[in-house]
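Residue-level listing of the chains:
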Amino acid sequence: SAVISQKPSRDICQRGTSLTIQCQVDSQVTMMFWYRQQPGQSLTLIATANQGSEATYESGFVIDKFPISRPNLTFSTLTVSNMSPEDSSIYLCSVEARGGEVYNEQFFGPGTRLTVL
Amino acid sequence: EDQVTQSPEALRLQEGESSSLNCSYTVSGLRGLFWYRQDPGKGPEFLFTLYSAGEEKEKERLKATLTKKESFLHITAPKPEDSATYLCAVHDSWGKLQFGAGTQVVVTP
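Residue positions are given per chain, counted from 1 along the sequence in the order it is written. Chain labels run from A onward and ligand labels from 1 onward, assigned in the order the entries are written. Local features in this predicted model are restricted to residues of pLDDT 70 or higher, and side-chain atom pairs are both shown and tallied only at a pLDDT of 80 or more, whereas totals for entire chains, interfaces and linings draw on every residue. Working from all heavy atoms in the structure, the side-chain values ignore hydrogens and water.

A. Up close: the overall build of chain B. Helix and strand definitions here come from DSSP, where helices need a minimum of 4 consecutive H or I residues and strands a minimum of 2 consecutive E residues; each element is numbered from the N-terminal end. The number of helices and strands found in chain B is zero helices and 11 strands. Note that the radius of gyration is over C-alpha atoms, with the globule rule given as 2.2 Å times the number of residues to the power 0.38. Compactness check: chain B gives a C-alpha radius of gyration of 13 Å against a globular reference of 13 Å for 109 residues, within 12% of the reference. Restricting the contact set of chain B to residue pairs at least 6 apart, pairs at least 24 apart contribute 53%. The Shrake-Rupley method, run with a 1.4 Å probe, gives the accessible areas here. Residue values count only the displayed protein chains as cover. Put simply, chain B shows about 5,300 Å² of open surface, and 47% of that area lies on carbon and sulfur atoms. The contact criterion used throughout is that any non-hydrogen atoms of two residues lie within 4.5 Å.

B. Highlighting the overall build of chain A. A count of helices and strands for chain A gives zero helices and 11 strands. Across chain A, helices and strands are ordered from the amino to the carboxyl terminus as β-β-β-β-β-β-β-β-β-β-β. On C-alpha atoms alone, chain A measures out to a radius of gyration of 14 Å, which is about the 13 Å that the 2.2 N^0.38 rule sets for 117 residues. When the backbone C-alpha atoms are referred to their principal axes, chain A occupies close to 45 × 30 × 25 Å. Counting over 117 residues, chain A shows a buried share of 52%. Only protein chains enter the area calculation, which uses a 1.4 Å probe; residues under 20% of their type maximum are buried, those over 50% are exposed, and those in between are partly exposed.

C. Representation of the side chain of Thr49(B). By the secondary structure assignment, Thr49(B) is in strand S5 (residues 45–50). Side-chain polar atoms of Thr49(B) contact the side chain of Glu105(A), separated by 2.8 Å. Residues contacting Thr49(B), with those up to four places away along its chain left out, are Glu105(A), Leu33(B), Phe34(B), Glu55(B) and Lys57(B). A 3.5 Å cut-off defines polar contacts: any pair of N or O atoms within that distance qualifies, except that in protein one atom must be a possible hydrogen donor and the other a possible acceptor, and neighbouring residues in sequence count only when both atoms are side-chain atoms.

D. Just the sheet that holds strand S8 (residues 75–80) of chain A, in detail. Residue and element names in this part refer to chain A. Whether two strands pair comes down to DSSP finding at least two bridges between them. Reading across from one edge, S1-S3-S8-S7 is the order of the four strands in this open sheet, with antiparallel pairing throughout. Only two strands of the sheet have a single partner each, and these edge strands are strand S1 (4–7) and strand S7 (68–72). For this sheet, the mean inter-axis angle between neighbouring strands, taken without regard to orientation, is 15°. As defined by bridge partners, strand S3 (residues 19–25) adjoins S8 across six bridges and the pair is classed as antiparallel. Residue Cys23 lies in a different strand from S8, and its bridge partner there is Ser76. Whenever a helix is involved, its axis is fitted only over the stretch in contact; in every case the axis is a line through C-alpha atoms, and angles between N-to-C directions fall within 0 to 180 degrees.

E. Expanded view of the sheet that holds strand S3 (residues 19–26) of chain B. Residue and element names in this part refer to chain B. The antiparallel open sheet is built from five strands, whose spatial order is S1-S3-S8-S7-S6. A strand with exactly one partner marks an edge of an open sheet, and here the two such strands are strand S1 (3–7) and strand S6 (56–59). Between one strand axis and the next, the sheet turns through 15° on average, direction left out of account. In terms of strand pairing, S3 meets strand S8 (residues 70–75) through six bridges, oriented antiparallel. When the sheet's bridge partners are listed, Ser20 is paired in S8 with His74.

F. View of unusual backbone geometry. For the bond running from Lys7(A) to Pro8(A), omega is -10°, close enough to zero to count as cis. As for its position among the elements, Pro8(A) is in the loop between S1 and strand S2 (10–13). Look at the link from Ser7(B) to Pro8(B): it is a cis peptide, with omega at -10°. Among the secondary structure elements, Pro8(B) is positioned in the loop between S1 and strand S2 (10–14). Despite not being glycine, Asn82(A) has its phi angle at roughly 45°, a positive value. The backbone of Glu60(B) sits at a positive phi, close to 55°, despite the residue not being glycine. Of note, Glu60(B) is situated in the loop between S6 and strand S7 (62–66). Look at Glu60(B) and you get exposed, because its relative accessible area is 71%.

G. Just the pairing of S5(B), in detail. Residue and element names in this part refer to chain B. By the criterion of burial, S5 is predominantly enclosed, with five of the six residues buried. Examined bridge by bridge, strand S4 (residues 33–38) and S5 share five bridges and lie antiparallel to one another. Paired with Tyr36 across the two strands is Phe46, which belongs to S5.

H. Just the packing of aromatic side chains, in detail. Note on aromatic pairs: the rings of Phe, Tyr and Trp (six-membered ring only in Trp) are paired at centre separations within 6.5 Å, and the planes decide the class, stacked below 30 degrees, edge-to-face beyond 60, tilted for the rest. Following the criterion strictly, the structure yields nine aromatic pairs over all chains and no others. A centroid spacing of 6.0 Å and a plane angle of 90° characterise the contact between Tyr35(A) and Phe99(B), whose relative ring orientation is edge-to-face. Of this pair, Tyr35(A) sits in strand S4 (residues 31–37) while Phe99(B) sits in strand S10 (residues 97–99), placing the two residues on different chains. Classification of Phe99(B) by relative accessible area gives buried; the value is 10%. Three or more aromatic residues joined by ring pairs form one cluster here, namely Tyr35(A), Phe107(A), Phe108(A), Tyr36(B), Phe46(B) and Phe99(B).

Put into structure tokens, the structure is as follows:
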């Protein structure tokens, strides 16, 4: 398994501002993912963060709104830009770490609870 | 189209009352079915991975089984600390994890 930490754990932000969320893993991993979980909903993949290349975004998510950095194999950041109340969610970092018998299993960080006023 | 459906949406159990949660899926070429537990305000906690029909895995009061079309998570003699939302996910055709909506379980003393 992998131990994942996220900063901040929660924040309350004003409309129109930006917040950068950090994700740190205790081991080197190839694949890192960012998810959003809106209140009462399940997890939605925002993007896959690849080291040394641009992130790959899912339909409905764009780089201008959710810029991602992946400077090395243990760290990534997600920025939520020009926030609106609709961005209020839990943002989760996830990694695919070797541990499965056939395919790599995916582990999640504790999440960042964002409230936009 | 790849799809993951969980039922029921919510389940209220008395302590000691065993029950099962269902996860049905349609995906071309299953590459793994995953069960997670999520407590309020926290990230999902990995429980099990199942890869092939007939496979079973156990952890304390939880047992996960897999068929070609669905998976069950059996909770035997649950305790209040088993209260959580249980999420099912599959690796879809693109190799990405696709989640169901979850089953919220409440176990009362």
